[in-house]
Each structure stands twice: as C-alpha cells, then as structure tokens.
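# Observations on the model geometry
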Amino acid sequence: MAGETVITIVGNLTADPELRTTSAGAQVASFTIASTPRSWNRNTNQFEDGQALFMRCSAWRDLATHCAQSLSKGMRVIAQGRLQQRSYQAQDGSNRTVIELQVDEIGPSLRYATAQVQKMQSGGYQGGNANGGGYQQPQQQSQAPADDPWGAPAGEPDF
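If you're wondering where the values come from, they're calculated on a predicted model, not measured in any experiment. (Residues numbered from 1 in each chain as written. Predicted model: local features only at pLDDT ≥ 70, side-chain atom pairs only at ≥ 80, totals over all residues. Heavy atoms only, no water.)

Before going further, it helps to examine the overall build of the chain. When its secondary structure is counted, the chain shows 1 helix and 8 strands. Ordering the α and β elements of the chain from the N terminus gives β-β-β-β-β-β-α-β-β. Here the chain, with 159 residues, has 21% of them falling under the buried criterion. Within the chain, contacts between residues at least 6 apart in sequence are counted, and of these 54% link residues at least 24 apart. (Helix = DSSP H or I, 4+ residues; strand = E, 2+ residues; numbered from the N terminus. Buried < 20%, exposed > 50% of the residue type's maximum accessible area, 1.4 Å probe, protein only. Contact = heavy atoms within 4.5 Å.)

Okay, structure coming up:
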C-alpha cells in the first residue's frame, strides 16, 4: 500500500451500517464513526469532551455484510483503513470534496464491552496481510488436556 494514508480510528457508530449492493453486484456498507477526544480539566476535576471527528466509512464485499450483521448504532469500534479523497459535483452545481475511510479491518472495542466472535467460513482470499489474511488454511485438531483453559473445545478449530 505504498503512497496510501492508513489510519486507525476509535469511536462510536452514529447509526446502524447501511448495506447496499452496487450495479456490479458488490456489497458496500456505509457508516459514520464519531471519535471524540477527552481531556482532564484540573480546574474542574472533570473530563471534558473535545471537538468530535465524524469519519464517513465504507466497507466492501464480505466485510460489508459482516459489518451490517455485527455492528449497530452506539457501538464503540476500532477501524483501520485507507483515507480516500473523492470529488463530485453537487445538485446545485457546486464542486465538493469529501474524505472517507475505506475500511480494511474493523471490530468492536472491548474497553467497555465484551464480544463473542464467530469465524465465518469463506472460500478463498479475502484481503491481504502478512499472517494469512483470508486464506483458508487446513485446520489441525489439537489434543489439549481437558483441564487446559486455552485448549480448543472438542470439534472446534484451533486458531
């Protein structure tokens, strides 16, 4: 990803992800993440909210479906992706430019919540990263002792 601006944002979803299908058949989920910095005010002995950043985001294909099924308004998330600038002409004829985050990875923040993760079965490459991305690698059954809390339960894959 040479030359691309990759960022990570932590914040809350302002609405449920909106899932659409393009004319080419690709699914895209659109949503906004509100990230508000907080700082401690020594004079009032309280936290104060700073200026909120509202980042418009899009996720594509399987990730779009997973976002729509897993994420909802108000949920605190951590998203990583590439900033993209897009220019267009508005209905009134004025030229506009927007900056959006094309999400590569997203998940719930576990700072104030818990989550149950379910691995989705897919057929093939889903994205690129050095540790396998979406490659479906053969699962090996581990023989963990019954009292091993980190051992995989019988019949479940060991990640």
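Among the nonpolar cores identified, the biggest contains 15 residues, and F31, I33, C57 and L101 are the most heavily contacted of them. Elements with a contribution of two residues or more to this core: β1 (6-13), β3 (27-35), β6 (53-60), α1 (61-70), β7 (76-89) and β8 (95-108). Apart from the residues lying within four places of it in its own chain, the contact partners of C57 are A29, S30, F31, I33, L101 and V103. (Core = buried A, V, L, I, M, F, W, Y, C linked by side-chain atoms within 4.5 Å.)

Let us look at the state of the cysteines. This model, assessed by the stated rule, comprises 0 disulfides. For the unlinked cysteine C57, the closest cysteine sulfur is that of C67, found at 9.1 Å. For C57, a relative accessible area of 2% puts it in the buried group. (Disulfide = S-S within 2.5 Å.)

Glancing now at the side chain of Q102. Position of Q102 relative to the elements: it lies in strand β8. When neighbours within four sequence positions are excluded, Q102 is seen to be in contact with S58, W60, G81, R82 and Q84.

Right, let's talk about the pairing of β1 for a bit. Two faces, one strand: in a regular strand the side chains alternate between the faces of the sheet. Of the strand pairs in this sheet, β1 and β7 are connected by 7 bridges, and their pairing is antiparallel. Looking across to β7, one finds that T8 is bridged to Q80. Examined bridge by bridge, β1 and β3 share 2 bridges and lie antiparallel to one another. Note that in β3 the partner of L13 across the bridge is I33. (Pairing = 2+ DSSP bridges.)

As for its placement among the helices and strands, E4 is situated in the segment before β1. On the basis of relative accessible area, E4 is assigned to the partly exposed category, the value being 36%. Between the C-alpha atoms of E4 and Q84, which are 80 residues apart in sequence, the distance is 8.4 Å.

Moving on: the pattern of salt bridges. Any two side chains of opposite charge can pair, so long as their charged atoms come close to each other. Within this structure, the stated rule accounts for 6 salt bridges. D92 is the partner of R96 in a salt bridge, and the nearest nitrogen-oxygen pair spans 3.6 Å. By relative accessible area, which is 57% here, D92 ends up exposed. A single salt-bridge network, built from bridges that share partners, covers E4, R82 and D104. (Salt bridge = Lys/Arg side-chain N within 4 Å of Asp/Glu carboxyl O.)

We note that N45 has phi near 55°; this positive angle belongs to a residue other than glycine. Turning to its location among the elements, N45 is positioned in the loop between β4 (38-41) and β5 (46-49). Notably, R61 is not glycine yet its phi reads approximately 55°, a positive angle. The residue R61 is located in helix α1 in this model.

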